Amino acid sequence: MTKKNENEEIAALCGDFMMDTYAKTATVVRGKGCRVWDARNSVYLDFTAGISVHNVGHAHPKVVEAIRAQAETLVHCSNLYYTPQQGLLAQKLSSIGLGGKVFLCNSGAEANEAMIKLARLHGHAQGRYEIICMKNSFHGRTMATLSATGQSKVQKGFDPLLAGFEFADFNDLDSVKALVNERTVGILLECVQGEGGVIPATPEFLKGVRALCDEKDLLMMCDDIQCGMGRTGTWFAWEQYGVKPDVCTLAKALGGGLPIGALLASPKYSDVFVPGSHGSTFGGNPLACAASLAVIKVIEEEGLLAHAAEFGKLFMEGLQQFVENYDAILEVRGMGLMVGMVVDGNAKDIVDNLRVGGLLACMAGPNVVRFLPPLCITEKDLEEALEMIGDTLDEMFGGDAEEDEDAEDAG
Ligand SMILES: *Cc1c(COP(=O)(O)O)cnc(C)c1O
């Protein structure tokens, strides 16, 4: 038997002792900027960025320094006490977000749990608890958030699901209106559906949902966990539509890699929770908050919002050539640096081949290749990625022009 190399040893160790919840592929031991390395020092251009986590890049010196300094001072403190980092982060999120108060937790699913609980608590006295969710959405893996997720593959085998979630068609306002009744308390959506295939909401739909919420006194609830933190070119994706939700959630990129999530509320819904309503041991712990404050500062100092908007446009324009050149590539869509390439067939083969070629991308449903690069990508990174994608597609689909010639020869 041949001796395992370092990558294979790590994969075998994880395979033997970790529950098999993810179809893992490459091994990663180190990251810097837009790149990660495996245990044999092979480099990958990381266009997954921890699934929209490393928006400021891996190991940003200012984030590293903030984590180091906070780790030396106070890593954790019970939520029975005040810590400055929490207050400062909540203040910052309030000022860039909804102008009200913030609840801090540790993950996206937890932030959405908090958002669902807030809506239910608000509606409780009037017997309102139903939340209208969208088909094809994704909100997390806990029982409440998977019950709110409009994808049967996430829910399969876990029934009975939590009651009180109804499903409308994304981008179809009439289908939402048809579900509103005296029990409805809110409407929950992602402005750009991530796991569902990188599908932006239409402006008419989002504006219509806002108007409907105003008319029927419902909470507009936005899940900005994947599309927030500058990913689409603004702090929150809803900014681009000129609407403001009543509550929204952040996680993923919020902590620059440390686990943290947040529920933001407008002033009207800022005092729904009272002592004892909700809580979390680690929620907003000083270490995660310090990292988060550093991440936000880096995004501001480096102008990454405008950069994401500009480079997203360049990237999508670059990808568009593949739609023209290959029958197998159907469409490029997205917003800012949240980009999906829709393929005729299985996106997994492309993702696998890209990885072998040195580019990490992920899937969003069976037929969409999803690119979520760090927001700090340079022109050179972008060119390199487009070249790798071009080479991979060329290898897989041969260039349609050449194919035609071959066909003629064969004929
Ligand atoms: C990733 C994600 C979640 C869940 O976040 P976790 O931190 O994995 O719990 C929820 N909503 C959206 C839109 C996401 O992309």
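Because the structure is predicted, anything quoted here is derived from the model rather than measured. Position labels on residues start from 1 in each chain and follow its written sequence. It should be noted that, the model being predicted, local features are given only for residues of pLDDT at least 70 and side-chain atom pairs only at 80 or more, the latter also being counted only at that level, while totals for whole chains, interfaces and linings use all residues. Side-chain metrics rest on all non-hydrogen atoms present in the structure, leaving aside hydrogens and water.

Participant: Quick rundown of the site of the ligand? Include the residues and the values.
Facilitator: All residues in the neighbourhood of the ligand are listed as Ser107, Gly108, Ala109, Asn112, Phe138, His139, Gly140, Glu190, Asp223, Ile225, Gln226 and Lys252. A 3.5 Å cut-off defines polar contacts: any pair of N or O atoms within that distance qualifies, except that in protein one atom must be a possible hydrogen donor and the other a possible acceptor, and neighbouring residues in sequence count only when both atoms are side-chain atoms. Within the backbone of Gly108, a nitrogen or oxygen atom sits 2.8 Å from an oxygen atom of the ligand. Here an oxygen atom of the ligand sits 2.7 Å away from a polar atom, N or O, in the side chain of Gln226. Only DSSP runs of H or I with at least four residues qualify as helices, and only runs of E with at least two residues qualify as strands; both kinds are numbered from the N terminus onward. At three residues, the largest contribution of residues to the shell around the ligand is made by helix 5 (residues 108–123). Throughout, the ten residues Ala, Val, Leu, Ile, Met, Phe, Trp, Tyr, Cys and Pro are labelled nonpolar, Asp, Glu, Lys and Arg are labelled charged, and all others, Gly among them, are labelled polar. In terms of residue class, the shell around the ligand is built from three nonpolar, six polar and three charged. Proximity is defined per residue: if any heavy atom of the residue lies within 4 Å of a molecule or strand, that residue is considered near it.

Participant: Give me helix 4 (residues 84–96): which residues, what numbers.
Facilitator: Here helix 4 is 13 residues long and its end C-alpha atoms lie 19 Å apart, about the 18 Å a rise of 1.5 Å per residue gives. For each residue, the accessible area found with a 1.4 Å probe, counting protein chains only, is set against the maximum for its type, and the residue is called buried under 20%, exposed over 50%, and partly exposed in between. Among the residues of helix 4, those classed as buried are Gln85, Gln86, Leu89, Leu93, Ser94 and Ile96. Whether two residues touch is decided by their heavy atoms; if any such pair falls within 4.5 Å, the residues are in contact. Packed against the buried residues of helix 4 are helix 3 (61–73), strand 4 (102–105), strand 11 (247–250), strand 12 (261–265) and helix 10 (286–301). Working rule for helices: expected span equals 1.5 Å times residues minus one.

Participant: Summarise the packing of helix 4 against helix 10; cite the residues concerned and give the values.
Facilitator: Running from N to C, helix 4 and helix 10 cross one another at 40 degrees; their axes reach a closest spacing of 9 Å. For the element pair helix 4 and helix 10, the recorded crossing hand is left-handed. Where helix 4 abuts helix 10, its residues Gln85, Gln86, Leu88, Leu89, Lys92 and Leu93 lie against Pro286, Cys289, Ala290, Ser292, Leu293, Ile296 and Glu300. When grouped by side-chain class, the residues that make up the contact of helix 4 with helix 10 number eight nonpolar, three polar and two charged. Throughout, an axis means a line fitted to C-alpha atoms (over the contacting stretch in the case of helices), and angles, computed between N-to-C directions, take values from 0 to 180 degrees. Each crossing gets its hand from how the near helix is turned against the far one by less than a right angle, where anticlockwise is left-handed and clockwise is right-handed.

Participant: Explain the sheet that holds strand 15 (residues 359–360) residue by residue, including any values.
Facilitator: Should DSSP find at least two bridges between two strands, the strands are regarded as paired. A sheet is described by the order of its strands in space; here four strands give the open sequence 1-2-3-15, paired in mixed fashion. In the strand order of this sheet, the two ends are held by strand 1 (30–32) and strand 15, each with one partner. In this sheet, strand 2 (residues 35–37) lies alongside strand 1 in antiparallel orientation, the contact comprising three bridges. Across the sheet, residue Gly31 finds its bridge partner in strand 2, namely Val36.

Participant: Before we move on, could you go through the pattern of salt bridges and cite the residues and values that matter?
Facilitator: The salt bridge definition used is simple: a Lys or Arg side-chain nitrogen within 4 Å of an Asp or Glu carboxyl oxygen. Enumeration according to the criterion identifies 23 salt bridges in this entry. Here Arg210 and Asp246 are joined by a salt bridge, their closest N and O atoms 3.1 Å apart. Note that Arg210 is positioned in helix 9 (residues 203–216) and Asp246 in the loop between strand 10 (219–223) and strand 11, a separation of 36 residues in sequence. Accessibility classification places Arg210 together with Asp246 in one group, the buried group. A salt bridge links Glu317 to Lys313, with the shortest nitrogen-to-oxygen separation between them at 3.3 Å. With Glu317 and Lys313 both in helix 11 (residues 304–325), this residue pair falls four residues apart, about one helical turn. Residue classification places Lys313 among the exposed residues on the basis of a relative accessible area of 55%. A network of salt bridges, in which partner residues are shared, links Arg35, Asp381 and Glu384.

Participant: Give a detailed account of unusual backbone geometry, specifying residues and quantitative values.
Facilitator: In this chain, Asp159 is followed by Pro160 through a cis amide linkage whose omega measures 5 degrees. On the secondary structure map, Pro160 appears in the loop between helix 7 (152–155) and strand 6 (165–168). Backbone geometry at Ala59 places phi at a positive 50 degrees, although glycine is not the residue there. By secondary structure assignment, the location of Ala59 is in the loop between helix 2 (49–52) and helix 3. Positioned with a positive phi, Asn136 is a non-glycine residue whose angle comes to about 75 degrees.

Participant: Got a sec to walk through the packing of aromatic side chains? Specific residues and values, please.
Facilitator: Stacked, tilted and edge-to-face are the three classes assigned to paired rings of Phe, Tyr and Trp, where Trp is represented by its six-membered ring and a pair needs centres within 6.5 Å; plane angles under 30 degrees give stacked, over 60 edge-to-face, the rest tilted. Here the structure, examined in full by the defined rule, presents seven aromatic pairs. Pairing Phe315 with Phe371 gives two aromatic rings, centres 5.3 Å apart and planes at 75 degrees, and the pair type is edge-to-face. Within this pair, whereas Phe315 is found in helix 11, its partner Phe371 is found in strand 17 (residues 368–371), the two being separated by 56 residues in sequence. By relative accessible area, which is 0% here, Phe315 ends up buried. By relative accessible area, Phe371 is classed as buried at 0%. Ring centres 6.4 Å apart and planes at 35 degrees place the aromatic pair Phe322 and Tyr326 in the tilted group. Taking the relative accessible area as the measure of exposure, Phe322 reaches 4% and is therefore buried. Pairwise contacts between aromatic rings join Phe47, Phe315 and Phe371 into one cluster. Here, over-ring charges are defined by two tests on the NZ atom of lysine or the CZ atom of arginine: distance to the ring centre within 6 Å, and angle to the ring normal within 35 degrees. If you follow Arg30 out to its NZ or CZ, it ends over the ring of Trp37, 4.3 Å from the centre.

Participant: Explain the environment of Asp20 to me, using residue names and the numbers behind them.
Facilitator: Tracing the sequence through the fold places Asp20 in the loop between helix 1 (6–17) and strand 1. Asp20 sits 167 residues away from Ile187 along the chain, and the two C-alpha atoms are 34 Å apart.

Participant: Give me the lowdown on the domain arrangement of the protein, citing residues and values where you can.
Facilitator: Domain limits in this description derive from either an automatic procedure or a database domain assignment. The domain boundaries assigned to the protein delineate domain 1 (6–56 + 303–410) and domain 2 (61–301). Just the C-alpha atoms count here: the centres of domain 1 and domain 2 sit 27 Å apart. Contacts between the two partners involve 29 residues from domain 1 and, on the opposite side, 33 residues from domain 2. At the boundary of domain 1 with domain 2, total buried surface from both sides reaches about 2300 Å², with 63% on carbon and sulfur atoms. Of all residues in domain 1, the largest losses of buried area upon contact with domain 2 belong to Leu305, Met335 and Met338, amounting jointly to 32% of the total for that side. Joining domain 1 to domain 2, the criterion identifies one salt bridge. Ionic pairing is found between Glu195 and Arg370, a salt bridge with its closest N-O pair at 2.9 Å. At the boundary of domain 1 and domain 2, one finds 15 residue pairs in polar contact (both at pLDDT 80 or more). Mapped by element, the contributors of at least two residues to the side of domain 1 that touches domain 2 are helix 2, helix 11, strand 13 (329–335), strand 14 (338–343) and strand 17. Per-element tally for the side of domain 1 that touches domain 2: the top contributor is helix 11, with five residues. Among the residues making up the side of domain 1 that touches domain 2, the classes are represented as 18 nonpolar, eight polar and three charged. Two parts placed together each lose some accessible area under a 1.4 Å probe, and the buried area is that loss summed for both.

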